[in-house]
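# Structural overview for review
Residue strings, one per chain:
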Amino acid sequence: MPSQHSRLYRHLVREVAKASIVPRSQRNKEISANFRTLFERNHQSKTFQHDVGNVLTFMHSQRQYKILLDRYNPLVDLTTEERIEATARRCDPSSISFDADGVPLFKSPETLAAIQSASRYLTEDLQAVVFPTETVYGLGALALDASASARIFATKGRPPDNPLIVHVSSQQMLLSLLPAGYTLPSAYRVLIDHFCPGPLTLLFPRDPIKIPNIITAGQPTVAIRIPSHPVARALIAVSNSPLAAPSANSSGKPSPTRAQHVLGDLGGKVGVVLDGGPCDVGLESTVVDGLHEDGNIRVLRPGGVPIEDIERVLIQNFDQGKVPKVLVHRRDFLDEDIERAPTTPGMKYRHYSPSVPVKLLRTISKPPHGEEAITPLDLLNSLKRSLTSCTPLKIGLMTPSDSSIAQGLVNDTEVQWYQYVLGSLAEPAVTAQRLFDGFLTLEKAGVDIILVEEVSEDREGLAIMNRVKKAAGEACWIMTPV
Ligand code: TXA
Ligand code: MG
């Protein structure tokens, strides 16, 4: 067998041995021989090689997951509040500043101690740590160490073909991850100057010598961002290592914007949670790809940096007629490769969904051909008919503070209403900050269904509606009072 395959074969045999509860001497020799023959027969197939790689990652993840559960098992029986006490370490973001070289300075000894111990946990024990960012809480591990990063997949139950964002604390650390001699596209220079540190993630060509395959899930690009949250930046700087970090939720769940959300979801699976209070932005970063030859900026995931702001700085910094276009995936362009692969955040897998059904109430867009708008009363009657087993019916309602339909709905006293008020229609940034907290708060309150009112897709509204559409199983059009 060529060396690549014999190495893969040895890895697989080792993982099987670790997973096996039967001693080596008692194993069925015929099965082993058949397996080796199968391997030899397929060794030239790229798909086979890819599949075996995925199986290996999965087996490894499962083993790590078991180790984590065994280690932290005592936490599983604790209440959420007790888990926070046991694993969360308070960090005061306002007590951290940075000198001109990006070196963190700490005013609070408690915050310094929490960050140092989290850093040891990352760099010496190669474990994953939860930390706050300005967007959402992240579950971080050493990005340049494949086995440390594998823990992220194990802890979240994340499919191995979904790539991770690498977080760095400075532009210098970012540049150190790029291929030698690589020149930044001119639009990237402008975007980095204006939005980094901040909620913007950029795709770069991956240098396979520096970035492990597990981070990019085999993609030729790597996603990198510089978070602006002082705790995140300080943790990366003190560890002196880039951190791979997805949102700190079980795969498919809403992203956490408070330490309590993390403990309610991943509690018992992570050893260290840095609690830096609620996240400012509340939705994940904007993911952009500016690597195409046309120099345009393709937005793969709308997020914390509004498209309007990206367009504005590009217009300010490029000569007329040479301004790169900003194209939003699915709104302005489609790409079959992206549709097939899970690289566009939330395309292939279920996303942002609480465990109760979510229904989107369309109040702004017009119903498509063949669909009629209904009154709030019609909506309530149909919910009562379809949820007869829920008595009393408990409905979570997430609407802007100046909603035109909320009052009409909550007048119905047969229903137990759990209202979660978002920002006003003119304040999409407040709605963004509150959206995931709303999902998680209403889920915890035990409602039977969550209704979310549509907001206009301007500024943060684009990212809000992107998340709500993915979380909602269905939508209906509601007549608004004239
Ligand atoms: O704000 C954020 O971005 C948060 C915080 C923790 O930084 N992180 C986050 O990570 O949202 P995650 O893993 O939940 O979402 C990152 C998305 C993934 O869904 C993935 O599809 C996409 O970014 N991504 C990562 N690497 C990519 C690549 N090379 N090409 C295209 N998409 C990529
Ligand atoms: Mg996520």
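Residues numbered from 1 in each chain as written. Chains lettered and ligands numbered in written order. Predicted model: local features only at pLDDT ≥ 70, side-chain atom pairs only at ≥ 80, totals over all residues. Heavy atoms only, no water.

## What to know about the sheet that holds strand E10 (residues 272–275)
Consider a sheet: its strands pair through backbone hydrogen bonds, and that pairing is either parallel or antiparallel. Note the following rule: Here, strands pair whenever DSSP counts at least two bridges between them. By definition, any uninterrupted DSSP run of H or I lasting at least four residues is a helix, any uninterrupted run of E lasting at least two residues is a strand, and each is numbered from the N terminus. Contacts were defined at the residue level, with two residues in contact if any of their heavy atoms lie within 4.5 Å. In this analysis an axis means a line fitted to C-alpha atoms, helices contributing only their contacting stretch, and an angle means the value between N-to-C directions, from 0 to 180 degrees.
Reading across from one edge, E1-E10-E4-E5-E9-E6-E8-E7-E11-E12-E13 is the order of the 11 strands in this open sheet, with mixed pairing throughout. Here the strands that pair on one side only, and so sit at the sheet edges, are strand E1 (88–90) and strand E13 (326–328). Pairing between strand E7 (residues 200–205) and strand E11 (residues 286–289): 3 bridges, direction parallel. Within the sheet, the bridge partner assigned to Leu200 lies in E11 and is Thr286. Against the sheet, helix H8 (residues 186–195) contacts E7, E11 and strand E12 (297–301), and its axis sits at roughly 150 degrees relative to E7. Against the sheet, helix H10 (residues 230–239) touches strand E4 (129–131), strand E6 (165–167), strand E9 (243–244) and E10, its axis set at about 140 degrees to E4.

## Observations concerning the packing of helix H16 (residues 428–445) against helix H17 (residues 460–471)
Heads up, the condition is: Oblique is the label for any angle not covered by the other classes, which are roughly parallel (under 35 degrees), roughly antiparallel (over 145) and roughly perpendicular (65 to 115). Definitions for this section: a left-handed crossing has its near helix turned counterclockwise from the far helix by less than a right angle. A right-handed crossing has that turn clockwise. The nonpolar class holds Ala, Val, Leu, Ile, Met, Phe, Trp, Tyr, Cys and Pro. Asp, Glu, Lys and Arg form the charged class, and all remaining residues, Gly among them, are polar.
Between H16 and H17, the least distance of the axes is 8 Å, while the angle of their chain directions is 20 degrees. Judged by the inter-axis angle, H16 sits roughly parallel to H17. Crossing angle aside, the handedness with which H16 passes H17 is left-handed. Contacts from Pro428, Ala429, Thr431, Ala432, Leu435, Phe436 and Phe439 in H16 reach Glu460, Gly461, Ile464, Arg467, Val468 and Ala471 in H17. Partitioning the contact of H16 with H17 into residue classes produces 9 nonpolar, 2 polar and 2 charged.

## A word on the packing of H8 against helix H12 (residues 307–317)
Where H8 meets H12, the axes come as close as 10 Å, and the angle between the chain directions of the two elements is 120 degrees. When the interaxial angle is binned, H8 and H12 end up oblique. Considering only the axes of H8 and H12, their crossing is right-handed. For the pair formed by H8 and H12, the contact residues are Ala187, Val190, Leu191, His194 and Phe195 on the first element and Asp309, Ile310, Val313, Leu314 and Asn317 on the second. Class assignment of the residues belonging to the contact of H8 with H12 gives a composition of 7 nonpolar, 2 polar and 1 charged.

## Points about the pairing of E10
Formally: Residue exposure (1.4 Å probe, protein chains only): buried if accessible area is under 20% of the type maximum, exposed if over 50%, otherwise partly exposed.
Across the two faces of E10 the burial is the same, with Val272 and Leu274 and Val273 and Asp275 all buried. Pairing geometry for E1 and E10, over 3 bridges, is parallel. The residue of E10 that forms the bridge with Ala88 is Val273. With 2 bridges joining them, E4 and E10 adopt parallel strand pairing. Within E10, the residue paired with Val130 across the bridge is Val273.

## Considering a positive patch on the surface
What counts here: To count toward a patch, a residue needs a relative accessible area over 30% and no salt bridge; like charges are then connected within 9 Å, while nonpolar side chains (Val, Leu, Ile, Met, Phe, Trp, Tyr) are connected within 5 Å. All accessible-area figures derive from a Shrake-Rupley calculation using a 1.4 Å probe, and residue coverage is judged against the displayed protein chains alone. Criterion for a salt bridge: a side-chain nitrogen of Lys or Arg within 4 Å of a carboxyl oxygen of Asp or Glu. In this tally, Asp and Glu contribute negative charge and Lys and Arg positive charge; neither His nor the terminal groups of the chain are included. A charge is said to be at NZ when it belongs to Lys, at CZ for Arg, at CG for Asp and at CD for Glu.
Judged by side-chain charge, Arg7, Arg10, Arg14 and Lys18 come together as a positively charged surface patch. Here Arg10 shows up in helix H1 (residues 3–19). Residue class for Arg10 comes out partly exposed when judged on its relative accessible area of 47%.

## A closer look at the side chain of Glu460
With respect to the helices, strands and loops of the structure, Glu460 is situated in helix H17. Discounting chain neighbours no more than four positions away, the residues touching Glu460 are Leu283, Pro306, Pro428, Ala429 and Ala432.

## Some words on H8
Residues lying three or four places apart along an α-helix face the same way, a consequence of the helix completing one turn every 3.6 residues. What H8 keeps buried is the set Ala187, Tyr188, Val190, Leu191, Ile192 and Phe195. Check the buried side of H8 and you find it contacts helix H7 (171–176), E7, E11, E12 and H12.

## As for the environment of Val421
Tracing the chain through its elements places Val421 in strand E16 (residues 416–421). Overall, Val421 belongs to the partly exposed group, its relative accessible area being 38%. In the structure, Val421 is positioned 17 residues away from Gly438 in sequence and 8.2 Å away in space, judged by C-alpha atoms. Among all residues touching Val421, those that are not within four sequence positions of it are Thr399, Pro400, Ser401 and Arg434.

## Thoughts on the confidence of the model for the protein
Detailed reading of the predicted coordinates is not advisable wherever pLDDT falls low. Filter applied, for reference: Values of pLDDT, which run from 0 to 100, indicate the predictor's confidence residue by residue.
Predicted confidence across the protein gives a mean pLDDT of 90, with 91% of residues reaching 70 or more. Here residues 343–348 scores under 50 on pLDDT; set against residues more than four positions off or in separate chains, the count is 19 contacts.

## Overview of unusual backbone geometry
With omega at 0 degrees, the peptide bond leading from Cys196 into Pro197 counts as cis. Within the secondary structure layout, Pro197 lies in the loop between H8 and E7. Backbone geometry at Leu126 places phi at a positive 55 degrees, although glycine is not the residue there. Secondary-structure assignment places Leu126 in the loop between helix H5 (109–123) and E4. By relative accessible area, which is 22% here, Leu126 ends up partly exposed. Even without being glycine, Arg330 reaches a positive phi, approximately 75 degrees. Topologically, Arg330 is positioned in the loop between E13 and helix H13 (336–340).

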